[in-house]
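In case you want the letters, here they are:
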Amino acid sequence: HRRGSFFIAGTGEPDPAGPWPEPAGRPIELPEPMAPKPWNVPSDFDTPMIGESEGLKLLESLGRELASELPGARLLRAVLEDGSSEGEVISSRGLRARLRHRVASLYLEAAGPAPSGRPAATATLYLYAREARRFHPPALARRLADRLAVAAAGAPPPGPDAAECLLAPPVMARLLAGLLPLLVGPQSTAYLSGRRDRRGKIGSDLLTLLDNGRLQGGAFESPVDGEGVPCSEVVLVEEGSYRQPLLAWWQESAAPGTPSGCSRRASWRDIPAPGPTHLYLKPDARTPVAALLGAVERGYYLLDATGGARFDFGADRFALPVCGFAVAGGRAQAPVAGAWLCGGIGTLLHGIRAVGRDLAFHPLDGMIGTPTVLVTGLELRG
């Protein structure tokens, strides 16, 4: 497989009993088995799966709530999945670990009222929860209605506008997912070598990034990863100072830092690969979103990303399609759509001026979590 191979060469009929030549290559080194810290299986792991009739009622309720929030709006497509899995990893070194997961996903595609002579605006949502009954139709309908209303009535700024930007969790999560090459794997140390300021920091003092495979209540909460290595919390960036990348056990000697259980196994057919499980920007429990919005004298409150981000690490630039509202004096003034949030990667990290308390996770590359963030130094363009 990708981590190592075993070769033997000889003549005649192969004889498994030997004699075998002396090995000349490096042996494959497996980790010593480590017992994870005590972990109680969450009670919702054993909750009955949502049935077909109950699932249809949830989707029908969501459709009614959406039509109530925005008359004329309708669901075009809805996919609800609820499932669980169990597995066991056993190795010749004495490792024996059991894996259990419980995850539900919801994909929604909706259209707004069709204006005369123009196509109807559309919006999508893709969400994970540990259990399907946690999806709340009124809240999801409000979020879809907001997106549809903004897309229908919004317009991009007339020209490039450098102003304060309040980034809602869906927007900041997309940006954080785009920054994963700076945070995962031994190559990230080289990426960050030229991005430190005179204090040696890569970002604002409010930038603290963590990954935790056993985050309580997380969609992928587990005592061990896909290779049976115990999961633990690891601090990647602390108050703007880069501490270490996210490393699997077999990357320990390739970069400074403590490995953690971060090998994800998509299925029994796939080789585990390191990646974030619950990677998140630490929130500030003292700061409500209303206080952040009230502090914006002139700028934008960006609610959602309308597509994928583009990152150029060589040029230190990014661009992300967004929608939201123009803000003046702490109040929304006009909807904004068809706009791109642009700027330098370093400017994004150093420009964080405030962090909210509304931490929310989004299914991107793993679960990426972030609260609402106030950033300066970026630019909104058409």
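All of these numbers come straight from a predicted model, not from anything done at the bench. (Residues numbered from 1 in each chain as written. Predicted model: local features only at pLDDT ≥ 70, side-chain atom pairs only at ≥ 80, totals over all residues. Heavy atoms only, no water.)

1. Focus on the overall build of the protein
And step 1. Within the protein, the secondary structure is distributed over six helices and 20 strands.
And step 2. In terms of overall dimensions, the protein has C-alpha extents of about 85 × 60 × 45 Å along its principal axes.
And step 3. Within the protein, counting contacts between residues at least 6 apart in sequence, those at least 24 apart form 69% of the total.
And step 4. By element, 52% of the accessible surface of the protein is carried by carbon and sulfur atoms, the whole surface being about 19600 Å². (Helix = DSSP H or I, 4+ residues; strand = E, 2+ residues; numbered from the N terminus. Contact = heavy atoms within 4.5 Å. Areas by Shrake-Rupley, 256 points an atom, 1.4 Å probe, with all protein chains shown as cover.)

2. Points about unusual backbone geometry
And step 1. Positioned with a positive phi, Glu239 is a non-glycine residue whose angle comes to about 50 degrees.
And step 2. Assignment of secondary structure puts Glu239 in the loop between strand 7 (233-238) and strand 8 (241-242).
And step 3. Non-glycine residue Asp316 carries a positive phi angle of around 60 degrees.
And step 4. Within the fold, Asp316 resides in the loop between strand 13 (310-312) and strand 14 (317-328).

3. Describing the state of the cysteines
And step 1. Scanning the model with the defined rule gives zero disulfides in all.
And step 2. Just so you know, Cys165 is unpaired, no disulfide at all, and the nearest cysteine sulfur is the one on Cys342, 10 Å from it.
And step 3. Free of any disulfide, Cys231 has its nearest cysteine sulfur in Cys262, 8.5 Å distant.
And step 4. On the basis of relative accessible area, Cys231 is assigned to the buried category, the value being 7%. (Disulfide = S-S within 2.5 Å. Buried < 20%, exposed > 50% of the residue type's maximum accessible area, 1.4 Å probe, protein only.)

4. Observations regarding the sheet that holds strand 11 (residues 278-281)
And step 1. Read across the open sheet, the six strands follow the order 8-7-6-11-18-17; overall the sheet is mixed. A single partner strand is all that each edge strand has here, and the edge strands are strand 8 and strand 17 (360-364).
And step 2. Here strand 6 (residues 209-212) pairs with strand 11 via three bridges, running antiparallel. Residue pairing across strands places Asp211 opposite Leu279, the latter belonging to strand 11. (Pairing = 2+ DSSP bridges.)

5. Points about the nonpolar core
And step 1. Core analysis: the largest hydrophobic core is formed by 48 residues, its most contacted members being Leu167, Leu183 and Leu341.
And step 2. Top element by residues in this core is helix 3 (residues 169-178). It accounts for six residues.
And step 3. Once residues lying within four places of it in the same chain are set aside, the contact partners of Leu167 are Met172, Leu175, Leu302, Leu341, Pro371, Thr372, Val373 and Val375.
And step 4. Counting 22 residues, the second-largest nonpolar core is a separate cluster that includes Ile50, Leu66, Leu108 and Ala123. (Core = buried A, V, L, I, M, F, W, Y, C linked by side-chain atoms within 4.5 Å.)

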